[in-house]
Amino acid sequence: MTVSLEVAEGVGTIRLDRPPMNALDIATQDRLKELAEEATRREDVRAVVVYGGEKVFAAGADIKEMQAMDHTAMVLRARALQDSFTAVARIPKPVVAAVTGYALGGGCELALCADFRIAGENAKLGQPEILLGLIPGAGGTQRLARLVGPSKAKDLIFTGRMVKAEEAREIGLVDRVVPAGEVYAQAHAWAAKLAQGPALALRAAKESIDTGLETDIDTGLAIERNWFAGLFATEDRERGMRSFVAEGPGKAKFL
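Summary of the structure given here. Just so it is clear, the structure is predicted and the values come from calculations on it, not from any experiment. (Residues numbered from 1 in each chain as written. Predicted model: local features only at pLDDT ≥ 70, side-chain atom pairs only at ≥ 80, totals over all residues. Heavy atoms only, no water.)

With respect to the overall build of the chain
Then step 1. Counting its secondary structure elements, the chain contains 11 helices and nine strands.
Then step 2. Its C-alpha atoms give the chain a radius of gyration of 19 Å, within 12% of the compact-globule value 18 Å for 255 residues.
Then step 3. Taking the principal axes of the C-alpha coordinates as reference, the chain spans close to 60 × 40 × 35 Å.
Then step 4. For the chain, the residues scored as buried account for 44% of the 255 residues in total.
Then step 5. The long-range share in the chain, meaning contacts at least 24 apart out of those at least 6 apart in sequence, stands at 70%.
Then step 6. For the chain, the accessible surface area stands at approximately 13,400 Å², while carbon and sulfur atoms represent 56% of it.
Then step 7. Between the centroid of the 32 positive side chains of the chain and the centroid of its 35 negative side chains there is a distance of 2 Å. (Helix = DSSP H or I, 4+ residues; strand = E, 2+ residues; numbered from the N terminus. Rg over C-alpha atoms; globule rule 2.2 N^0.38 Å. Buried < 20%, exposed > 50% of the residue type's maximum accessible area, 1.4 Å probe, protein only. Contact = heavy atoms within 4.5 Å. Areas by Shrake-Rupley, 256 points an atom, 1.4 Å probe, with all protein chains shown as cover. Lys, Arg positive; Asp, Glu negative; His and termini not counted. Charge placed at Lys NZ, Arg CZ, Asp CG, Glu CD.)

Some thoughts on the pattern of salt bridges
Then step 1. What the rule picks out here adds up to 15 salt bridges.
Then step 2. As a salt-bridge pair, glutamate 37 and lysine 33 come within 2.7 Å of each other at their nearest N and O atoms. Of the two residues, glutamate 37 and lysine 33 both sit in helix 1 (residues 26–41), four residues apart, roughly one turn of that helix.
Then step 3. Under the relative-accessibility criterion, lysine 33 is labelled partly exposed at 28%.
Then step 4. One salt bridge connects arginine 42 with aspartate 44, and the closest N-O pair in it is separated by 2.8 Å. (Salt bridge = Lys/Arg side-chain N within 4 Å of Asp/Glu carboxyl O.)

Some points on the packing of helix 1 against helix 3 (residues 71–89)
Between two packed helices, the angle of one axis relative to the other and the distance separating the axes together describe the packing.
Then step 1. It is at 8 Å that the axes of helix 1 and helix 3 come closest, and there the two elements cross at 40 degrees. Relative to helix 3, the element helix 1 lies oblique. Pair helix 1 / helix 3 crosses with left-handed handedness. Contact with helix 1, carried on its side by Ile26, Gln29, Asp30, Leu32, Lys33 and Ala36, involves Arg77, Leu81, Asp83, Ser84, Ala87 and Val88 of helix 3 and no other residues of that element.
Then step 2. Split into classes, the residues belonging to the contact of helix 1 with helix 3 amount to six nonpolar, two polar and four charged. (Axes fitted to C-alpha atoms, helices over the stretch in contact; angles between N-to-C directions. Parallel < 35°, antiparallel > 145°, perpendicular 65-115°, else oblique. Left-handed = near helix turned anticlockwise from the far one by under 90°. Nonpolar A, V, L, I, M, F, W, Y, C, P; charged D, E, K, R; others polar.)

Here's the deal with helix 10 (residues 217–230)
Then step 1. For helix 10, spanning 14 residues, the distance from its first C-alpha to its last is 20 Å, which sits close to the expected 20 Å at 1.5 Å a residue.
Then step 2. Its side-chain oxygen placed 3.1 Å from the backbone nitrogen of aspartate 218, aspartate 216 serves as the N-cap of helix 10. (Expected span 1.5 Å × (residues − 1). Polar contact = N/O pair within 3.5 Å; in protein donor to acceptor, adjacent residues only side chain to side chain.)

Right, here's the structure in full:
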């Protein structure tokens, strides 16, 4: 399989494995969607790491495969392409991308679907589609602009240039830069810590932020309000408040 899902300590690792560069062909895209949906369903998966291995995250789409497609073929495929990435973005649990080496084109777009991005010092990210006479087609024009702002997104998309890890951190494209050999361990540790948290509250926080960003402030506040009130019906809320009153903050156990 070009993509696998392994679970340990409540963390599901979605691992890309299509040597040498993890090119995201159609079969890989479809498998990515299947496993993102599986991670969404599984109760033993409480947080997710997306990882491409020690050398490369994903160097983008399979250009040879795309070159053989005409306009009609891509009209039929474009929605499925976006849906495979959106399935990752909509996992209702904390998701971290562990980025090593190249994360270009579709690889960068996949990293954008995570809630948090940890990059190795050897990471290089970018949206080089313009160099092929194209634009990003798996969410890059939308998620990148929302993450780093329209001006920086246009710089990267218009020029197709790659940015190294430190510049990516400076512009907000990644959140943390660590030695390349520590990327997966730190990503897993981040996810494992959140996997011990209150699952419904984390889901509510993620949905409130993500959905609220797509709408006006009043609608966003309504979404927040409904989730906030709804969490008062959960056992986690009872446990959290009971622990706070008895033991002080940060002592509650939610598993």
